[in-house]
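# Structure assessment
Residue-level listing of the chains:
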Amino acid sequence: MLAGATDVGKSTLCRLLLSYAARLGRQPCLVDCDVGQGSVSIPGSLCVLSVERPADIETGEFNKQASLVYSYGATTPSDNFKLYTTVVTSMAAMFRERCTARPATKSGGCVINTCGWVEGQGYNALVHVAEAFEVDVVLVLDHERLTLDLQRDLPKTTEIVPLPKSGGVVARTREFRRRNREDAVREYFYGKRPHLLSPFSFEVAFSDIQICKIGVMVTQHRRQHFLFISAPAVPQSALPLGMEKVDGSVLLVHEEPTKQLSHTIVSLSMANSTEEDVASTPSAGFPLHH
């Protein structure tokens, strides 16, 4: 697992390590837990990508056909920390199943790229990823305190290796990151030169589909069995008498189609008919225009 603040070269080092492994004849996996960057799929998703060849010399990207994508729906783990950890846990379980089914994947191992948020809950997210994937080596780039914290909180069998910042790394502004995310979404649907795509649109009746969102603030009465669901989070002191907050971070709520959904991206879930496994099932990005 690679850990460190933003703009220290984690993604670049990931590509180097995976390309070296592929040249040695191994078949490692790239586990992308950086929801803000989206190096495999669109930003807001977590992915496992099987790497069989080194990265392309011109584009610096791997073949993305053998990828397993989980929708998270935000660009930082802080938006819904419980949903983020739920998806990571499910993704780790799926990776272990793949290792059982494919000996080449098991011997190839994985390289995990993480977010650059390493404070507070960001640090908790790092620890959760390391525990879920049973990481045995953590490379910490240019962050002495993070190195010490991980040495304290991770098992003694996990080797923590401090490394300097990658050479040639430049700091990126918030506006630059926003444009990068927009470009990544555009490339997801229209491709990138010289491999341009020709996507087409089609209409689906709202009566034929169910639109849902995951994660809401839920309040319930202490003595009576009914719930009130509301989107904005409010403090306990502002709730009516007898009401209390309930954790609805991974609660699935049906959403009525409105104009606010225009020109947004939803994920097409591959889950079963039961609603409980929607948050932990791979999904695919899908544009909603109308």
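What counts as what
- Residues numbered from 1 in each chain as written.
- Predicted model: local features only at pLDDT ≥ 70, side-chain atom pairs only at ≥ 80, totals over all residues.
- Heavy atoms only, no water.
- Salt bridge = Lys/Arg side-chain N within 4 Å of Asp/Glu carboxyl O.
- Helix = DSSP H or I, 4+ residues; strand = E, 2+ residues; numbered from the N terminus.
- Buried < 20%, exposed > 50% of the residue type's maximum accessible area, 1.4 Å probe, protein only.
- Axes fitted to C-alpha atoms, helices over the stretch in contact; angles between N-to-C directions.
- Parallel < 35°, antiparallel > 145°, perpendicular 65-115°, else oblique.
- Left-handed = near helix turned anticlockwise from the far one by under 90°.
- Contact = heavy atoms within 4.5 Å.
- Nonpolar A, V, L, I, M, F, W, Y, C, P; charged D, E, K, R; others polar.
- Phe/Tyr/Trp six-rings, centres within 6.5 Å; stacked < 30°, edge-to-face > 60°.
- 1 Å grid on protein atoms, 1.4 Å probe; cavity = no way out; pocket = protein on both sides within 12 Å on 5 of 7 lines; lining within 4 Å.
- Points joined across faces, edges and corners; volume = space filled by probe spheres on them.
- Expected span 1.5 Å × (residues − 1).
- Core = buried A, V, L, I, M, F, W, Y, C linked by side-chain atoms within 4.5 Å.
- Pairing = 2+ DSSP bridges.

With an unreviewed UniProt entry as reference, the protein chain is termed Polyribonucleotide 5'-hydroxyl-kinase Clp1, source organism Geodia barretti.

### Some points on the pattern of salt bridges
Any two side chains of opposite charge can pair, on the condition that their charged atoms come close. For the coordinates displayed, the defined rule picks out 13 salt bridges. Asp7 is the salt-bridge partner of Arg172, the closest N and O atoms lying 2.8 Å from each other. In this pair, Arg172 sits in the loop between strand E7 (159–163) and helix H6 (174–190) while Asp7 sits in the loop between strand E1 (2–4) and helix H1 (10–23), placing the two residues 165 residues apart along the sequence. Using a relative accessible area of 30% as the deciding quantity, one classes Arg172 as partly exposed. Asp149 is paired through a salt bridge with Arg152; the nearest N and O atoms lie 3.5 Å apart.

### Notes on the packing of helix H4 (residues 121–132) against helix H5 (residues 144–153)
Across the interface, H4 lies against H5 with an axial gap of 11 Å and an inter-helix angle of 50 degrees. By the angle class used here, H4 and H5 are oblique. Both H4 and H5 take part in a crossing whose hand is right-handed. Where H4 approaches H5, its residues Tyr123, Leu126 and Val127 are matched on the opposing element by Leu146, Asp149, Leu150, Arg152 and Asp153. Residues belonging to the contact of H4 with H5 are distributed by class as follows: 5 nonpolar, no polar and 3 charged.

### Details of the packing of aromatic side chains
Applying the stated criterion across every chain, the model contains 4 aromatic pairs. Residues Tyr72 and Tyr84 carry aromatic rings whose centres are separated by 5.6 Å and whose planes lie at 80 degrees to one another, so their mutual orientation is edge-to-face. Of this pair, Tyr72 sits in the loop between strand E4 (67–71) and helix H2 (81–101) while Tyr84 sits in helix H2; the two residues are 12 residues apart in sequence, bridging distant segments of the chain. According to the relative accessible area criterion, Tyr72 is buried, its value standing at 7%. Considering the side-chain rings of Phe200 and Phe202, the 6.1 Å spacing of their centres and the 40 degrees angle between planes classify their relative orientation as tilted.

### Considering empty space enclosed by the protein
By the definition in use, this model includes 1 cavity of 30 Å³ or more. Its boundaries defined by the atoms lining it, the largest cavity holds a volume of some 50 Å³. If you go around the largest cavity, the residues you meet are Pro77, Tyr84, Thr114, Cys115, Trp117, Gly122, Ala125, Leu126 and Val129. Ranked by the residues each element gives to the lining of the largest cavity, the list is headed by H4, at 4 residues. When the residues that make up the lining of the largest cavity are grouped by side-chain class, the tally is 7 nonpolar, 2 polar and no charged.

### Re the layout of surface pockets
Taken as a whole, the second largest pocket encloses approximately 490 Å³ of empty space. Around the second largest pocket, the lining is made up of 21 residues, and of these Met1, Gly109, Cys110, Val111 and Asp136 lie nearest the centre. Every element with two or more residues in the lining of the second largest pocket is listed here: H1, H2, strand E5 (110–113) and strand E6 (137–141). Of the residues in the lining of the second largest pocket, the class split is 16 nonpolar, 2 polar and 3 charged.

### Some points on the side chain of Thr85
Tracing the backbone shows Thr85 in helix H2. By relative accessible area, Thr85 is classed as buried at 12%.

### A word on H6
If you check H6, its first and last C-alpha atoms are 24 Å apart, about what 17 residues at 1.5 Å a residue would give, namely 24 Å. The positive-phi residue at the C-terminal boundary of H6 is Gly191, with phi of around 80 degrees.

### A look at the nonpolar core
Grouped together as the largest cluster of nonpolar side chains are 38 residues, with contacts concentrated most on Leu46, Tyr84, Phe133, Val138 and Leu150. Those elements that provide at least two residues to this core are strand E2 (29–32), strand E3 (45–50), E4, H2, H4, E6 and H5. Not counting chain neighbours up to four residues away, the residues in contact with Tyr84 comprise Cys33, Val35, Leu46, Tyr72, Pro77, Cys115, Ala125 and Val129. Counting 17 residues, the second largest nonpolar core, distinct from the first, contains Leu13, Cys14, Ala22 and Phe62.

### What about the pairing of E2?
Regular strands place side chains that alternate from one sheet face to the opposite one. Here E2 shows a buried face lined by Cys29 and Val31 and a second buried face lined by Leu30 and Asp32. Of the strand pairs in this sheet, E2 and E3 are connected by 4 bridges, and their pairing is antiparallel. Looking at the pairing, Val31 lines up with Val48 of E3. In this sheet, E5 lies alongside E2 in parallel orientation, the contact comprising 4 bridges. Within E5, the residue paired with Asp32 across the bridge is Asn113.

### Focus: the packing of H2 against H4
Interaxial distance between H2 and H4 falls to 9 Å at its minimum, and their mutual angle equals 20 degrees. As judged from the angle between their axes, H2 and H4 are roughly parallel. You can see that H2 and H4 cross each other, and the crossing is right-handed. Of the residues in H4, those in contact with Phe81, Tyr84, Thr85, Val88, Thr89, Ala92 and Arg96 of H2 are Gln121, Asn124, Ala125, His128, Val129 and Ala132. Per-class residue counts for the contact of H2 with H4 are 7 nonpolar, 5 polar and 1 charged.

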